[in-house]
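Survey of secondary and tertiary structure
Take a look at the letters that make up each chain.
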Amino acid sequence: ITLLARNAGILTQEVFSLITFIAIVTIIGSTYLFYHGEELFSRLKFLRKFEPKQPLDKPQGLAGKYHRYVLFGSSPQSIEIMKQLHKKRKSYILFDVDYYLVQNLKKEKFNAEIGNAADPTFLEELNFKKPTFLVSTIHDIDVNAALLEFANRHKKVKFVSFAKTKPDADML
């Protein structure tokens with residue numbers, strides 16, 4: 001696009017050169033950070049204050065705890081289900097990957113934790129020894145298929161999911 005603008009006389013040669021230089025530096029810098037970002041971040045200790053206090057991918061202290069209703073996703077439907085379960089004092093927990101949403105739900109005294117439904121090791125850490133309802137309002141067919149497969153391996157787990165399209169629903 002910049003080449004077309006230069007050929008049309010909209011950009012001067014100097015501006016075109018500057019844009020090209022910035023693009024090359026950005027590509028090189030991004031590539032370097034992609035490959036060496038962790039090492040660079042470990043050297044910049046003062047940036048640690050921007051990290052969350054807890055890991056984002058693992059719930060804290062959930063090993064062995066039982067919840068009759070396990071909700072995945074923070075769609076309006078799952079929030080409403082969670083509110084009804086909370087009001088009826090049922091044993092539930094909602095998992096979502098959005099750290100800030102989970103923190104806001106916790107402030108409102110709801111039982112919510114960080115959790116990734118797409119991570120099979122995460123599911124294995126949860127307690128499904130008693131009958132459990134697994135509810136997914138995530139509209140990703142691959143995640144729901146993985147949750148359905150997980151539920152089928154655990155006889156005491158009943159699975160309910162939402163789907164975006166009729167073919168997705170038929171597949172589940």
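As a reminder, the structure under discussion sits directly above these lines.
All figures in this text were calculated on a predicted structure; none of them were measured in a lab.

Paired through their backbone hydrogen bonds, the strands of a sheet run either parallel or antiparallel. Reading across from one edge, 3-2-1-4-5 is the order of the five strands in this open sheet, with parallel pairing throughout. Sheet topology places strand 3 (112–114) and strand 5 (157–161) at the edges, where each strand pairs with a single neighbour. On average, adjacent strands in this sheet sit at an angle of 20° to one another, irrespective of strand direction. Along the sheet, helix 3 (residues 76–87) contacts strand 1 (69–72), strand 2 (92–96) and strand 4 (132–136); its crossing angle with strand 2, the most-contacted strand, is approximately 155°. Contacts between helix 4 (residues 99–107) and the sheet are confined to strand 2 and strand 3, with strand 3 contributing the most and set at about 155° to the helix.

Note on placement: Ala 112 falls in strand 3. Taking the C-alpha atoms as reference, Ala 112 lies 7.8 Å from Asp 96; in sequence the two are 16 residues apart. Once residues lying within four places of it in the same chain are set aside, the contact partners of Ala 112 are Leu 94, Val 102, Leu 105 and Lys 106.

We now examine the nonpolar core. For soluble globular proteins, the rule of thumb is that nonpolar side chains tend to be buried together. In terms of nonpolar packing, the biggest core is built from 15 residues, with Val 70, Phe 72, Phe 95, Phe 122, Leu 123, Leu 134 and Leu 147 touching the most fellow members. Secondary structure elements with two or more residues in this core: strand 1, strand 2, helix 5 (120–124), helix 6 (141–153) and strand 5. The dominant element in this core, judged by the number of residues it contributes, is helix 6, at four residues. Counting 13 residues, the second-largest nonpolar core is a separate cluster that includes Leu 85, Leu 105, Phe 110 and Val 135.

The next point concerns helix 6. The terminal C-alpha atoms of helix 6, which comprises 13 residues, lie 18 Å apart, in line with the 18 Å expected from a rise of 1.5 Å per residue. For helix 6, every residue scored as buried is listed here: Ile 141, Val 143, Asn 144, Leu 147, Phe 150 and Ala 151. Those residues of helix 6 that are buried lie in contact with strand 1, helix 5, strand 4, strand 5 and helix 7 (166–171). Capping the start of helix 6, Asp 140 holds a side-chain oxygen 2.8 Å from the backbone nitrogen of Asp 142, two or three residues further along.

What follows concerns the pairing of strand 5. Across five bridges, strand 4 lies against strand 5 in parallel orientation. Bridge assignment links Phe 133 to a residue of strand 5, and that residue is Lys 158. Taken together, strand 4, helix 6 and strand 5 form a β-α-β motif whose crossover is right-handed.

Looking now at a nonpolar patch on the surface. Together, Tyr 32, Leu 33, Leu 40, Leu 44 and Phe 46 make up an exposed nonpolar region whose accessible area comes to about 470 Å². The exposed category is assigned to Phe 46, whose relative accessible area is 56%.

A separate point is unusual backbone geometry. Despite not being glycine, Arg 89 shows a phi value in the positive range, around 60°. Mapped onto the fold, Arg 89 is located in the loop between helix 3 and strand 2. With phi around 70°, Lys 109 is a residue other than glycine that occupies positive phi space. Turning to its location among the elements, Lys 109 is positioned in the loop between helix 4 and strand 3.

Definitions and limits used
Residues numbered from 1 in each chain as written. Predicted model: local features only at pLDDT ≥ 70, side-chain atom pairs only at ≥ 80, totals over all residues. Heavy atoms only, no water. Pairing = 2+ DSSP bridges. Helix = DSSP H or I, 4+ residues; strand = E, 2+ residues; numbered from the N terminus. Axes fitted to C-alpha atoms, helices over the stretch in contact; angles between N-to-C directions. Contact = heavy atoms within 4.5 Å. Core = buried A, V, L, I, M, F, W, Y, C linked by side-chain atoms within 4.5 Å. Buried < 20%, exposed > 50% of the residue type's maximum accessible area, 1.4 Å probe, protein only. Expected span 1.5 Å × (residues − 1). Polar contact = N/O pair within 3.5 Å; in protein donor to acceptor, adjacent residues only side chain to side chain. Right-handed = clockwise from strand over helix to strand, strands pointing away. Patch = residues over 30% accessible without salt bridge, like charges linked within 9 Å, V, L, I, M, F, W, Y side chains within 5 Å. Areas by Shrake-Rupley, 256 points an atom, 1.4 Å probe, with all protein chains shown as cover. Salt bridge = Lys/Arg side-chain N within 4 Å of Asp/Glu carboxyl O.

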